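# Residue-level structure breakdown
One letter stands for each residue in the lines below.
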Amino acid sequence: MASILDEYEDSLNTRQIAQQHSRLSNANIGITHSGFVNVRLEEEKPIFNKQRIDFTPPERINHLAVCNNQLCMSLGKDTLLRIDLAKPDQPNQIELGRKDESKVHKLFLDPTGSHLLICLSTSECLYLNRNTQKVRSLSRWRGHLIESVGWNKQLGNETNTGPVLVGTSQGIIFEAEISATEGSLFNTNPDQYFRQVHSLEEDGKPAPVCCLEVERGGSENKYFIIATTRKRLFQFVGKLAEGSEQQGFSSIFSQNQDLLPSFQEFPANMGYSEITFYTPKLRNSPKSFGWMMGNGVLYGQLDYVRPDSLLSDVQVWEYTPDIDISLDKPISIVLTQFHFLLLLHDRVKAICTLNGQEVYEDVFPDKFGTLKKMIKDPVGGLVWIYTERAVFRYHIQREARDVWQMYMSMTKFDLAKEYCRDRPECMDMVLAKEAEHCFQNKRYIDSAKCYALTQNYFEEIALKFIEAKQEEALKEFLLKKLNHLKQSERTQITLLVTWLAELYLNSLGQLESDGNSVIFQETREEFREFLSSSKHKECLFNNRSTIYDLLASHGNVDDMVYFSVVMQDYERVISHYCQHDDYSAALDVLSKHCDQKLFYKFSPVLMQHIPKKVVDAWIQMGKRLDPKKLIPALMNYSQMGSTQQISETIRYMEFCVYELTVTEEAIHNYLLSLYAKYKPDSLLWYLEQAGTHPSEIHYDLKYALRLCAENGYLQACVLVYRIMELYEEAVDLALQVDVDLAKSCADLPEDDEELRKKLWLKIARHVVQEEKDVKKAMNCLSSCNLLKIEDILPFFPDFVTIDHFKEAICSSLEEYNQHIEELKQEMEEATESAKRIREDIQEMRNKYGVVDSQEKCASCDFPLLNRPFYLFLCGHMFHYDCLFQEVTPHLTPLKQSRLEELQKKLAATTQTSKSRHRPAPKDEGDTASLGKGNAGTSREQIKSDMDDIIASECVYCGELMIKSIDKPFIDPKKFEEEKSSWL
């Protein structure tokens, strides 16, 4: 159990290490102006954290071996202690049972932690398996002092080691195999065989084999064997045939017999050497090695691809000045990812493999005794150190935390960035250092790229490149900085975008003046890519006026047009093309983007120069364009333009009228005016197909009439008069053109015979008086049945003989006679009809009906004879008042008001009749008697009128019932009242 004093010493050492680490970090930084502030909430733990094991050995510790969480130690003379570190409270103690003076020379534990070799100083070797308590002797190994063992990592398991290599103190390398299973009756030894395969020498003499390592790797699965003596490091490389791995490594050594084995030798000799390897967690083969020998530590990488040597990038890190191999030799070495630990008799030193500097030193107090050995568990990764009375353990935590600083100081910036990816404040320092390094070496573009990723002050960096007159580097810096800005940082984005545009324009201007066309084109492409960047589109759009001003100030018209297209500012593009008389290009832009407003704005200019292409574009746009908005431009240039412009104008107007079926009056009026002025042949055809009724016409009739009259198109005027139903004017005008045309006009008023007759008389007068053609006049009589010979006779001159009209007169007389006969027949039929009607009336007056005393009203169901009633032919009978109530709601408002008026009159006559029964003055008696007959007649007339209204038909069988079928049973105005009465 550790004492309080021990814990205090451990804490003191930890604090000193942390302070030393802090000083190292501060010394290596030296970079200011970073945007990060390094704030640590608690003190960072050291990389090498020592812990003393809570274990007090009963005897002194001679040797210790650890692998795969299995710890074995030799205590005193004859005791072996095994501890499973997963179950540290269950140690296993075994007695070796040796009675001689032999001591344990070394312990070797295989990678699985299952096979333990106990080498004795008497050149004997014992074997102990993890699953047994019995120590067995290896008889074939007797007589050899074992110094090293090269385990077989591929074939070894818990019961069998597979072929392994064994190095002795005499420089001999043996191959052996050990099996934990019981042998046959004649072979009970665990060692299957033990044969020599090679021997090593130094200076012509056998040298002890200090270390052995067997690895397999590379694409060809070669075997690599490394063996070391006191001053030499040997390499053996070879391949084993498939399936022959169990036969051992002798063939590899035999492959190297013809050539001297590859080795490296150093002059200094400290009597022993030790090699250690580092294997990453995700790899099976070691990545690097460290060989502790007399001249220092040979450190390098293992390259399994190289054909000549496994070792690469080797270098010797000499021991620190305080290590004197003649007085204080290093005892052991352990290699980690970036450090190797050296064990001295009273302390541990950690040396960085990147720069050879000492980064850690831990001094052990004298009370624990001299440090004996340092071992690393290749599976668990822990480092173990022991003395005769104590065991210590080192945890290695976040070893790579400060590696970035070392790589940075070595100007290996890529590696430095690799090891600080998750630490932005460190990454910022590395980038700043790399940027400064590139700047000093005049690699300005690379420097700009790095500076853009740092948090250094923007102004300082920009001024730095400006002072160095490196516009390209400044541009690269601004571009990178712009790409890393957030969308919310609008002010910064605007500043950088504007500045970059200015730099690009300056560069383009300089390149153009220098005549460097290749670089100029590349820079222009880069600038246009910048202008069309979707990431900065919003900023460029919001500040497009500034960009336009910059482009204009540099006279860069092409890029201004390109930028306008990117910003979809097509109006500016089209204006540019029109100003430079490139009307086809302007129309192409219009046609491509189909903006109606731009069509309306630029069509006048384009129509003046390329009318056919413009009209083609209009036709392609179809209904997306409003033709009415194009008329002003068309009218302007049709008046002062060429024949082509006029024909194209007519073509578009015809397209609008006949294809798009436009009904706008302005369009039709304009087309009519174009026909009248430039294409009269189509005028009459247009008027004829446009329709003959005013509701079908889409042009202004009065405008059309005036237009045709001004241009002398009489036939067209006649057509318009006909549509306007001005038949007299049409006939008058048609007689100036053609009599047949006038005849067609005269027959149009079909419903007005008087007008038709008048029109035909005009035609007949014209034929007789103007053309003086009697035959044509006679033809008029035959064409119109309204004209008679006597109607046209006054038009003829007196000298015309009757022979010309003989047939017409005879025909007229015959028609008169026929008409008289028809009138006689109609009179006879009317007399007969009147006679039958009188007979029916007389019959109806004598018709009667019989009413039984038990009959009831069809409406109220009360006896009928109690009150005045009506009897209908259908059989329904109603009281007078019941019928009045039934019929009134179904009457029209006009009849209801008439009925009310009659009721008032009836009431008034009733009052008059009552007043007649009162005694009257003598002088008034004659007057009363005179008015008696008139009052009775008036009363009867009123009742008759009321009967005509309410009793004209049965309310249940007549039209009133049929008309009321769609009326609700309850009046909507009284619905709520009726509804509430039911609740």
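Residue positions are counted from 1 within each chain, in the order its sequence is given. The predicted nature of this model means local features are confined to residues of pLDDT at least 70 and side-chain atom pairs, given and counted, to a pLDDT of 80 or more, with totals for whole chains, interfaces and linings taken over all residues. As a rule here, side-chain values come from all non-hydrogen atoms in the structure, and water together with hydrogens is ignored.

Naming follows an unreviewed UniProt entry, where the protein chain appears as Vacuolar protein sorting-associated protein 18 homolog of Dissostichus eleginoides. UniProt positions are given in the numbering used here, feature names are shortened, and annotations may be inferred rather than shown by experiment. Here is the UniProt Sequence similarities (unreviewed entry) comment for the protein chain, exactly as written: "Belongs to the VPS18 family."

This part covers the overall build of the protein chain. Strands are runs of DSSP state E lasting at least two residues, helices are runs of H or I lasting at least four, and both sets are numbered from the N terminus onward. A tally of helices and strands in the protein chain yields 34 helices and 32 strands. Looking at the protein chain residue by residue over its 983 residues, the buried ones come to 43%. For the protein chain, long-range pairs separated by at least 24 residues make up 52% of all intrachain contacts whose partners lie at least 6 apart in sequence. Every accessible area reported is derived by Shrake-Rupley at a probe size of 1.4 Å, with residue values counting cover from the shown protein chains alone. Put simply, the protein chain shows about 54600 Å² of open surface, and 50% of that area lies on carbon and sulfur atoms. Burial classes follow relative accessibility: with a 1.4 Å probe on protein chains only, a residue under 20% of its type's maximum area counts as buried, one over 50% as exposed, and anything between as partly exposed. By definition, residues are in contact when any of their heavy atoms lie within 4.5 Å.

For the rest of this paragraph, the subject is the sheet that holds strand E9 (residues 136-137). In this scheme, strands are said to pair when DSSP sees at least two bridges between them. Spatially, the four strands line up as an open sheet ordered E6-E7-E8-E9, and their pairing is antiparallel. In this open sheet, the two edge strands, each paired with only one partner strand, are strand E6 (104-109) and E9. In this sheet, strand E8 (residues 125-129) lies alongside strand E7 (residues 115-120) in antiparallel orientation, the contact comprising five bridges. For Ile-118, the partnering residue across the bridge sits in E8 and is Leu-126.

Residues with a pLDDT of 70 or more make up 84% of the protein chain, whose mean pLDDT is 80. Within a predicted model, pLDDT stands for the predictor's per-residue confidence, ranging from 0 to 100. Below a pLDDT of 50 lies the segment residues 17-33, which in the model reaches 24 contacts outside its immediate sequence neighbourhood of four places, other chains included. The low-confidence segment residues 919-933 (pLDDT under 50) makes one contact with residues lying over four places distant or belonging to another chain.

Now for the pattern of salt bridges. A side-chain nitrogen of Lys or Arg and a carboxyl oxygen of Asp or Glu constitute a salt bridge if their distance falls within 4 Å. Under the criterion given, the structure shown has 38 salt bridges. Between Arg-706 and Glu-710 there is a salt bridge; the shortest N-O distance is 3.3 Å. Taken together, the residues span about one helical turn, with Arg-706 and Glu-710 both in helix H22 (residues 701-710) at a distance of four residues. In the salt-bridge network here, residues are joined through shared partners; they are Asp-322, Asp-346, Arg-347, Lys-349, Glu-358 and Glu-361.

When a strand is regular, its side chains alternate between the sheet's two faces. Pairing analysis gives four bridges linking strand E28 (residues 373-376) to strand E29 (residues 383-386), with the strands arranged antiparallel. In the strand pairing of E29, Lys-373 is matched with Tyr-386. Between E28 and E29, which pair antiparallel in sequence order, lie six residues; one of them, Gly-381, sits at a positive phi of approximately 85°.

Glancing now at the packing of helix H12 (residues 544-553) against helix H13 (residues 557-566). Running from N to C, H12 and H13 cross one another at 165°; their axes reach a closest spacing of 9 Å. The orientation of H12 relative to H13 falls into the category roughly antiparallel. Here H12 and H13 pass one another in a crossing that is left-handed. Contacts between H12 and H13 involve Arg-544, Ile-547, Tyr-548 and Leu-551 from the former and Asp-559, Met-560, Phe-563 and Ser-564 from the latter. When residues are grouped by polarity, Ala, Val, Leu, Ile, Met, Phe, Trp, Tyr, Cys and Pro land in nonpolar, Asp, Glu, Lys and Arg in charged, and all others, Gly among them, in polar. Among the residues making up the contact of H12 with H13, the classes are represented as five nonpolar, one polar and two charged. Orientation is described by lines fitted to C-alpha atoms, with helices fitted over the stretch in contact, and by angles between N-to-C directions that extend from 0 to 180 degrees. For classification purposes, angles smaller than 35 degrees are called roughly parallel, those larger than 145 roughly antiparallel, those between 65 and 115 roughly perpendicular, and all remaining angles oblique. Whether a crossing is left-handed or right-handed is set by the direction in which the near helix is turned from the far one by less than a right angle, anticlockwise for left-handed and clockwise for right-handed.

With that out of the way, let us pick up the packing of aromatic side chains. Any two of the Phe, Tyr and Trp rings considered here, Trp counted by its six-membered ring, make a pair once their centres fall within 6.5 Å; the pair's planes then place it as stacked at under 30 degrees, edge-to-face at over 60, or tilted in between. A complete count under the given rule lists 30 aromatic pairs for this structure. Centre to centre, the rings of Tyr-686 and Tyr-699 are 5.8 Å apart; their planes meet at 45°, and the pair counts as tilted. Highlighted residues: Tyr-686 in helix H21 (residues 681-689) and Tyr-699 in the loop between H21 and H22, separated in sequence by 13 residues. Relative accessible area serves as the criterion here: at 0%, Tyr-686 is assigned to the buried category.

Strand order in this open sheet of four strands is E20-E21-E22-E23, and the pairing throughout is antiparallel. Where the open sheet ends on each side, the last strands, each with one partner, are strand E20 (274-278) and strand E23 (311-317). Sheet twist, expressed as the average angle between the axes of neighbouring strands with direction ignored, equals 20°. When strand E22 (residues 296-302) meets E23, the two strands line up antiparallel, connected through five bridges.

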